[in-house]
Structure formats: C-alpha cells, structure tokens
Amino acid sequence: MSRPCVSLESVLCAVHGRALLEIDHLSVAEGERVAIVGHNGAGKSTLLRLLSGFLQPVHGSVEVLGRTLDRPLPPGELRALRVEVGQVMQGIHLVGRLSALENVLIGSLGWITGWRSWTRCFPANEVANAEGALRAVGLLARADTRADRLSGGERQKIAIARLLMQRSRLILADEPTAALDPSAASDVCRLLVNAAANASLITVVHNPSLLPLLADRVIGLKMGRIAFDLPPAMVGEQKLVELYRPDMGSNRTYWGASAIPGSEAGVEAFS
Ligand SMILES: Nc1ncnc2c1ncn2[C@@H]1O[C@H](COP(=O)(O)OP(=O)(O)OP(=O)(O)O)[C@@H](O)[C@H]1O
C-alpha cells in the first residue's frame, strides 16, 4: 500500500489554553479526495493551516508528504513544502495589479530557478503552459486583464489555473466556492478536481450538494473533533443536522491556560 500523504496522530491544537482541534487519528492516501464539513468555528481552517505548515500542534504528530510538521520547518524545507502543497484559500490570493496570465505564471515559480525566478522572466514553454492552463479554465481570452478587474468566479478559476502550473502533490482548498452562484460553484469544483488529477485534494466546503462532485470521502468536524468519516452517499440530511446542531452546555473546548502546556503562545503561530 502507498504511504499516506497526510497522517495525524493524537493531535491537539490550542490557543491560550483553548483547544481548537483534537484529532486522534487521520490518514489521507495519495490521490484521495476528501471534503471537510462542519459548523462555523469547527476547526476546518485550523486543520488546513496545520497541514500547510502555518500552525504547529501543542502535541501529537503531523506528517504531510513525508515531512514532519510538529515543529516549524527550516526555510528551505518550508519553501519545498509550499511548492508541493498547492492552496486555494478564502479570499483568493491573487496579485491584483498583475494580469491573469502573470498570476498563473506565479504557479511555476517553484520550478524555475536562478535569475529567471528573481526577475520573473519566464521561459517561453512556461508561458505556453500558463496559456494552456487559462484555456483549461475557459479564461484564455482574459489573459491580459488585471486580476482586480475579474469577477469572484473568474478569480477562483485563475487560482485553479495557477494550481495547474504548480503541479502540487497535495491541494488544500478552503471554501473555494464561497460567494459563487450555483453554476459557477459547480464549474469551480469540476476544475478543482481536474487540477487534482495527479494529487490528493482536501476541500473545506459548506454546500452539501457539492460533496459528490468534490470528494470520495467526507469528514465531519464538530467542535474540533472528527464526528464522522464517510463516503458522500452516506452523508444524508440527518447526519448534517446532527453535525451542525449546537451542543449547548459543553465546555470541552475550554480549559484553563495552564492545562495545555505550550498553548499560551499559540496565537502568534496561529495568526
Ligand atoms: N487568530 C486566531 N486566534 C485565536 N483563535 C482563533 C483564531 N482564528 C480562529 N480561531 C478560533 O479557532 C476556532 C476554529 O476556527 P476555524 O477558523 O478553524 O473554524 P472553521 O471551521 O474554519 O470556521 P468557518 O466555517 O467559520 O470558517 C474558532 O473557535 C475560532 O474562534
């Protein structure tokens, strides 16, 4: 069996003595497509931050693509991780003053070296590849348009074209369809799955109707813990109602600051 692309054991993430995420065990195989669902504040983005090396656990082990992320990585390794882990995050991180094509080319910065990388003078074959990526998301005609003149849906598609250039082994997408109309949301999901043809894909999503498009496995997070881990066909309305129903009176996510050593300074690592 192939090595898991993501492996978490006995992980606790906490800030100022408050537990945000507690995962006993989570493993994602290479090529798997996983959706994460859960109420606001359930810990979905925290999980993605952990997997992208932006946040370290208070204790437990985190392995992503063979790298141990329990401690901050040295800069060289962090850069390598950034190339291997592609991200489409809330708020879409495009450079507004650059054209759509230039934004897509940024995806290849991890692959080109030396003066070309510093001066952003991309070789002709990479420019052709970037045009191909724009064509794949249906936006070649907007290649020269500044990113800040594009619609939300168009910008999401540009972010996916950039992923195509990055050739990541793991793609983390945090609500990639937020604020899109239903048709644009389906388009973006299909493009994302295509972009992840040779990668593992973990997507945070709020709209349950998109689950079958995006995932072959759905993980429900509730108050920082895994509530279920099921195929999309088994995530029916009842499961979702239970997942999103507030648990009144629970104080599980709060401890005294002294109860979780190492979590006092967590907010710096978090922000
Ligand atoms: N910078 C921060 N400092 C301290 N706590 C934070 C910070 N950001 C988020 N949190 C807390 O961490 C918990 C989990 O937040 P997270 O963003 O992971 O939730 P989420 O499931 O992604 O929610 P949403 O659906 O609203 O995006 C929340 O209780 C939130 O208040």
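Once a new chain begins, its residue numbering starts again from 1 and follows that chain's sequence as written. In keeping with the model being predicted, local features are shown solely for residues with a pLDDT of at least 70 and side-chain atom pairs are shown and tallied solely at 80 or more, while totals for entire chains, interfaces and linings include all residues. In computing side-chain values, all of the structure's heavy atoms are included and hydrogens and water are not.

Enquirer: Talk me through the site of the ligand; I want residue IDs and the actual numbers.
Expert: Within the structure, the ligand sits among 16 residues, and Arg-18, Gly-41, Lys-44, Ser-45 and Thr-46 are positioned closest to it. One nitrogen or oxygen atom from the side chain of Ser-45 is found 2.8 Å from an oxygen atom belonging to the ligand. A distance of 3.3 Å separates an oxygen atom of the ligand from a polar atom in the side chain of His-206. Elements represented by at least two residues in the shell around the ligand include exactly strand 2 (18–28), helix 1 (44–51) and helix 10 (266–270). The criterion for a residue being near a molecule or strand is simple. One of its heavy atoms has to lie within 4 Å of it. We define a polar contact as two N or O atoms separated by no more than 3.5 Å, with the added condition that, inside protein, one atom must be a possible hydrogen donor and the other a possible acceptor, whereas residues neighbouring each other in sequence contribute only through side-chain atom pairs. Numbered from the N terminus, helices here are DSSP runs of H or I no shorter than four residues, and strands are runs of E no shorter than two.

Enquirer: Describe the environment of Arg-142, listing the residues and the values that go with them.
Expert: When you line up the elements, Arg-142 lands in the loop between helix 5 (124–136) and helix 6 (152–166). Classification of Arg-142 as partly exposed rests on a relative accessible area of 27%. Taking the C-alpha atoms as reference points, Arg-142 and Glu-154, separated by twelve residues in sequence, lie 9.2 Å from one another. The contact criterion used throughout is that any non-hydrogen atoms of two residues lie within 4.5 Å. The contacts of Arg-142, once residues within four sequence positions are left out, are Ala-100, Arg-149, Leu-150 and Glu-154. Note on exposure labels: buried denotes an accessible area under 20% of the residue type's maximum, exposed denotes more than 50%, and partly exposed covers the range between, all computed with a 1.4 Å probe on protein chains only.

Enquirer: Give a description of the pattern of salt bridges that names residues and reports values.
Expert: Salt-bridge detection follows one rule: a side-chain nitrogen of Lys or Arg within 4 Å of a carboxyl oxygen of Asp or Glu. All told, the structure shown has eleven salt bridges when counted by the stated rule. The salt bridge partner of Arg-169 is Glu-84, with a shortest N-O separation of 3.3 Å. Of this pair, Arg-169 sits in the loop between helix 6 and strand 7 (170–174) while Glu-84 sits in helix 2 (residues 75–84), and the two are 85 residues apart along the sequence. Note that Asp-148 and Arg-146 form a salt bridge whose closest N and O atoms lie 2.7 Å from each other. Overlapping salt bridges bring together Arg-67, Glu-77, Glu-84 and Arg-169 as one network.

Enquirer: I'd like a rundown of the pairing of strand 2, residues and numbers included.
Expert: Working note: regular strand, side chains alternate between the two faces of the sheet. Pairing between strands is defined by DSSP: at least two bridges between them are needed. Bridging between strand 1 (residues 6–15) and strand 2 involves nine bridges; their strand directions are antiparallel. From the neighbouring strand, Leu-8 faces strand 2, where its bridge partner is Leu-26. Between strand 1 and strand 2, which follow one another and run antiparallel, lie two residues, and His-16 among them has a positive phi close to 50 degrees.

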